[in-house]
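# An overview of the molecular structure
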Amino acid sequence: MGTSTVKSSEQVDRQTRILEAALELLSRHGISGINMRAVAREAGVALGLVNYYYEDKSSLIRAVLHRIEEHDLMLVEPEPASTPEEQLRESLRRVADPDLLTTPYLSLRLHLWALAQAHEDFARINAAAFDRYLDGLATLIGNAKPELSADESKERAADIVVVQNGMWLTTLLGIDKAAIERGIARTEQIAFAPSRHDGRH
């Protein structure tokens, strides 16, 4: 029993190293930098091990995209101990975490967006991941502002994502910290604005 637990945790660790290596290569070189041999070298594992877990480059990239999606969904994961308003504010601040505002991470985001243009399957995974993130953010908004309709919560979530993506992109240009704070404040204004009672158009 103990041995199988060790084996499975070793397997998880190896797979994690392989995916982290693929993410690193994608961040530095884009899709052209990913091949099985390069990933094995970067991860410090045998090529056969990469091939054991992933049959080809496409299946490896699909796994990388799902890993990014898991990370993105954590950004809109509510903190159970917080009030709905605090949960929303915490989520809006997470996108400006110093770990996310690094050149390698932001470069990775750019390459992921480019991937969606390169392959239909990758585009579908990206679109589904984006929808889940949007739904998570809209749920946080709806919980904090129960007077909003589901459509209005979703619309606000979409407007917030535009600002968040802009913050990430402009950080690559060396934007200052004060501008990031204004960006976060803007997302809070969008999220917490009074409800429109004049009906939908």
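Look a little higher up for the structure.
In this report, the structure presented in the accompanying data block is examined. Since the model is a prediction, treat every value here as computed from it, not as a measurement.

### Looking at the pattern of salt bridges
- One pass over the full model with this rule turns up 14 salt bridges.
- The partner of Glu79 in a salt bridge is Arg94, with the nearest N and O atoms 3.7 Å apart. Residue Glu79 is located in the loop between α4 (57-75) and α5 (84-94), and its partner Arg94 is located in helix α5; the two are separated by 15 residues in the primary sequence.
- Residue Glu79 is classed as partly exposed on the basis of its relative accessible area of 40%.
- The shortest N-O distance in the salt bridge between Arg124 and Glu120 comes to 3.5 Å.

### Focus on the environment of Ala144
- By the element assignment, Ala144 lies in helix α7 (residues 120-144).
- On the basis of relative accessibility, which here comes to 6%, the residue Ala144 falls in the buried class.
- Between the alpha carbons of Ala144 and Arg89 there is a distance of 9.5 Å; along the sequence they are 55 residues apart.
- In contact with Ala144, other than residues within four places in its own chain, are Pro84, Glu85, Leu88 and Phe192.

### Comments concerning the packing of α5 against α7
- α7 packs onto α5 with a crossing angle of 145° between their chain directions and a minimal axis gap of 8 Å. Considering the relative orientation of α5 and α7, their crossing is left-handed. Taking contact as the criterion, the partners of Pro84, Glu85, Gln87, Leu88, Ser91 and Leu92 in α5 are, on α7, Leu137, Leu140, Ile141, Asn143 and Ala144.
- Taken together, the residues that form the contact of α5 with α7 break down as seven nonpolar, three polar and one charged.

### Structural notes on the environment of Leu23
- By secondary structure assignment, the location of Leu23 is in helix α1 (residues 2-29).
- For the pair formed by Leu23 and Leu115, sequence separation is 92 residues and the distance between their alpha carbons is 13 Å.

### Observations concerning the packing of α7 against helix α8 (residues 150-171)
- Closest axis-to-axis distance for the α7/α8 pair is 8 Å, and the angle between their directions is 115°. Both α7 and α8 take part in a crossing whose hand is right-handed. Of the residues in α8, those in contact with Phe130, Tyr133, Leu134, Asp135, Leu137, Ala138, Ile141 and Gly142 of α7 are Ser153, Lys154, Arg156, Ala157, Ala158, Ile160, Val161 and Gln164.
- Looking at side-chain class alone, the contact of α7 with α8 contains ten nonpolar, three polar and three charged residues.

### Some details on the packing of aromatic side chains
- Throughout the structure, instances matching the rule amount to two aromatic pairs.
- Seen in terms of ring centroids, Tyr52 and Tyr53 are 5.1 Å apart; in terms of plane orientation they differ by 70°. Their pairing is edge-to-face.
- Residue classification places Tyr53 among the buried positions, given a relative accessible area of 18%.
- On the basis of an interplanar angle of 55° and a centroid distance of 6.4 Å, the ring pair of Tyr53 and Tyr54 is categorised as tilted.
- When the ring centre of Phe192 is taken as reference, the NZ or CZ atom of Arg89 above it lies at 4.1 Å.

Criteria and thresholds
- Residues numbered from 1 in each chain as written.
- Predicted model: local features only at pLDDT ≥ 70, side-chain atom pairs only at ≥ 80, totals over all residues.
- Heavy atoms only, no water.
- Salt bridge = Lys/Arg side-chain N within 4 Å of Asp/Glu carboxyl O.
- Helix = DSSP H or I, 4+ residues; strand = E, 2+ residues; numbered from the N terminus.
- Buried < 20%, exposed > 50% of the residue type's maximum accessible area, 1.4 Å probe, protein only.
- Contact = heavy atoms within 4.5 Å.
- Axes fitted to C-alpha atoms, helices over the stretch in contact; angles between N-to-C directions.
- Left-handed = near helix turned anticlockwise from the far one by under 90°.
- Nonpolar A, V, L, I, M, F, W, Y, C, P; charged D, E, K, R; others polar.
- Phe/Tyr/Trp six-rings, centres within 6.5 Å; stacked < 30°, edge-to-face > 60°.
- Lys NZ or Arg CZ within 6 Å of the ring centre and 35° of its normal.

Geometric descriptors of this kind do not, in isolation, establish any biological role.
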